[in-house]
Amino acid sequence: MIMDGRVLSKKILEEVRSNVSKGLKIRIEAIAYEEDKESIVYFNSIKRNAEKVGISFNLRIIEGEKIMETVESLNGDDSVNGIIVGRPFPKGVTNEMVSLSLDPDKDIDCVTSQNLGLLNFGVERLAPATPKGALDLLEYHGVEIRGRNVLVINRSVTVGRPLSAMLLNRDATVTIAHSKTSNIKSLIDESDIIFLAVGKPGYLKSSSLKGHKTIVDIGINVVEGKVVGDFEPDVENNDFAYTPVPGGVGTVTSAEILRNAVSIAQNQ
Ligand code: NAP
């Protein structure tokens with residue numbers, strides 16, 4: 001089964017549009033470091049969706065050293081509801097700096113220590129867009145998480161760590177793997193659901209899977225000009241379900257950012 005994200009993404013955007021049309025005024029400011037081409041592409045795709053649903057989205061492409069002062073000035077601007085900063089950050093700017101300085105009440109990608117910390121108390125006041133998109137996509141396709149053995153291959157602050165907390169909140173049994181994990185093959189064999197965010201095309205092939213598996217492919221890689229994930233469905237085999245790349249988790253992620261912006265604006 002292919003678990004497409006496009007229909008869910010449209011559904012979320014419809015929900016956002018409906019909320020905005022009830023009179024919510026939302027202004028998002030995105031900050032991208034000038035050399036961070038990937039964030040610029042990503043933010044432009046969110047901007048297109050934002051404009052379709054009536055949200056104002058301004059992208060600031062700035063020099064690396066101006067990131068922190070730009071965040072501070074947007075924190076203090078009452079007309080701004082949401083702020084998102086592109087990653088990876090340039091030299092001199094760290095995850096901790098952004099996480100501690102961004103206003104948690106404008107944190108539409110859930111990167112602040114306050115909003116990330118709440119996930120560990122089981123409170124998803126706001127949720128980071130990528131893990132939330134991945135989990136919503138599973139739920140949309142009727143995949144049960146509760147009680148399942150789930151493997152997350154990634155331990156980054158944007159993906160693996162918040163995703164693991166959110167999986168625990170949904171009663172999964174969670175294992176986290178990374179580049180220093182020695183027995184990934186056996187962990188894969190023992191898992192029901194595998195979240196892949198390694199950033200290596202062909203990292204996991206369907207021909208190597210034993211028993212029924214659900215693969216949530218978060219990886220985004222460009223190979224010969226084509227966008228591909230980390231999973232390669234290389235054999236015809238009905239015994240697995242997966243999210244495609246493109247058209248899977250990434251498609252839902254950008255809609256989740258706008259849903260977070262609505263949730264923030266509704267509580268201001
Ligand atoms: P990252 O910080 O580089 O994380 C990569 C993770 O993979 C790390 O935990 C790393 O382990 C692990 N890893 C690397 N090689 C491995 C191996 N051979 N075996 C097992 N684990 C291995 O990158 P990221 O920002 O989290 O992004 C990861 C991927 O997800 C990228 O392809 C990115 O483009 C994609 N992504 C997609 C979305 C979306 O919305 N769909 C959003 C964000 C990111 P160590 O910690 O030991 O280095």
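Keep in mind the model is a prediction, meaning the values are calculated, not measured.

Thresholds applied
- Residues numbered from 1 in each chain as written.
- Predicted model: local features only at pLDDT ≥ 70, side-chain atom pairs only at ≥ 80, totals over all residues.
- Heavy atoms only, no water.
- Pairing = 2+ DSSP bridges.
- Helix = DSSP H or I, 4+ residues; strand = E, 2+ residues; numbered from the N terminus.
- Axes fitted to C-alpha atoms, helices over the stretch in contact; angles between N-to-C directions.
- Near = heavy atom within 4 Å.
- Polar contact = N/O pair within 3.5 Å; in protein donor to acceptor, adjacent residues only side chain to side chain.
- Areas by Shrake-Rupley, 256 points an atom, 1.4 Å probe, with all protein chains shown as cover.
- Nonpolar A, V, L, I, M, F, W, Y, C, P; charged D, E, K, R; others polar.
- Expected span 1.5 Å × (residues − 1).
- Buried < 20%, exposed > 50% of the residue type's maximum accessible area, 1.4 Å probe, protein only.
- Domains from an automatic or database assignment.
- Patch = residues over 30% accessible without salt bridge, like charges linked within 9 Å, V, L, I, M, F, W, Y side chains within 5 Å.
- Salt bridge = Lys/Arg side-chain N within 4 Å of Asp/Glu carboxyl O.
- Lys, Arg positive; Asp, Glu negative; His and termini not counted.
- Charge placed at Lys NZ, Arg CZ, Asp CG, Glu CD.
- Contact = heavy atoms within 4.5 Å.
- 1 Å grid on protein atoms, 1.4 Å probe; cavity = no way out; pocket = protein on both sides within 12 Å on 5 of 7 lines; lining within 4 Å.
- Points joined across faces, edges and corners; volume = space filled by probe spheres on them.

1. Structural notes on the sheet that holds strand β3 (residues 82-85)
Point 1. In space, the three strands of this open sheet follow the order β2-β1-β3, with parallel pairing throughout. Pairing within the sheet leaves two strands with one partner each, and these edge strands are β2 (56-62) and β3. The average angle at which neighbouring strand axes cross in this sheet is 20°, direction not considered.
Point 2. Across seven bridges, the pairing between strand β1 (residues 27-33) and β2 is parallel. Paired with Ile28 across the two strands is Phe57, which belongs to β2.

2. A look at the site of the ligand
Point 1. In the neighbourhood of the ligand, 20 residues make up the surrounding shell, with Asn154, Arg155, Ser156, Ser179 and Lys200 lying closest.
Point 2. At 2.8 Å, a side-chain N or O of Asn154 approaches an oxygen atom of the ligand.
Point 3. Ile220 is positioned such that a nitrogen or oxygen atom in its backbone is 3.0 Å from an oxygen atom of the ligand.
Point 4. For the ligand, the protein covers 70% of the area, taking 920 Å² as the surface of the free molecule.
Point 5. Of the residues assigned to the shell around the ligand, the class counts are eight nonpolar, ten polar and two charged.

3. A closer look at helix α9 (residues 249-266)
Point 1. With 18 residues, α9 extends 26 Å from end C-alpha to end C-alpha; this agrees with the ideal 26 Å at 1.5 Å per step.
Point 2. Along α9, 13 of the 18 residues are buried, which leaves the element largely enclosed by surrounding structure.

4. Side note on the domain arrangement of the protein
Point 1. Structurally, the protein comprises domain 1 (23-108) and domain 2 (129-250).
Point 2. Each of domain 1 and domain 2 has a C-alpha centre, and these two points are 28 Å apart.

5. A word on a negative patch on the surface
Point 1. Negative charge collects at one region of the surface, where Glu34, Glu35, Glu65 and Glu69 lie side by side.
Point 2. Its location among the elements puts Glu65 in the loop between β2 and α3 (67-75).

6. Quick look at the pattern of salt bridges
Point 1. Evaluated as defined, the whole model comprises 17 salt bridges.
Point 2. Of the charged contacts in the structure, one is a salt bridge between Arg259 and Glu15, with a shortest N-O distance of 2.9 Å. Of the two residues, Arg259 is situated in helix α9 and Glu15 in helix α1 (residues 6-21); the sequence distance between them amounts to 244 residues.
Point 3. One continuous salt-bridge network, built from bridges that share partners, spans Glu15, Lys132, Asp136, Glu256 and Arg259.

7. Considering a nonpolar patch on the surface
Point 1. On the surface, a nonpolar cluster with roughly 290 Å² of combined accessible area is contributed by Ile220, Val222 and Val227.
Point 2. Its place among the elements puts Val227 in strand β10 (residues 226-228).

8. What to know about the environment of Ser191
Point 1. Take Ser191: it is sitting in the loop between α8 (184-190) and β6 (193-196).
Point 2. With 38 residues separating them in the primary sequence, Ser191 and Ile153 have C-alpha atoms 12 Å apart.
Point 3. Residues within four places of Ser191 in sequence aside, it is in contact with Asn149, Leu151 and Lys213.

9. Considering the layout of surface pockets
Point 1. Estimates place the volume of the second largest pocket at around 170 Å³.
Point 2. Along its surface, the second largest pocket is lined by Ile153, Asn154, Arg155, Ala177, His178, Ser179, Ile184, Ala197, Val198, Lys200 and Tyr203.
Point 3. Each residue belonging to the lining of the second largest pocket can be placed in one class, and the counts come to six nonpolar, three polar and two charged.

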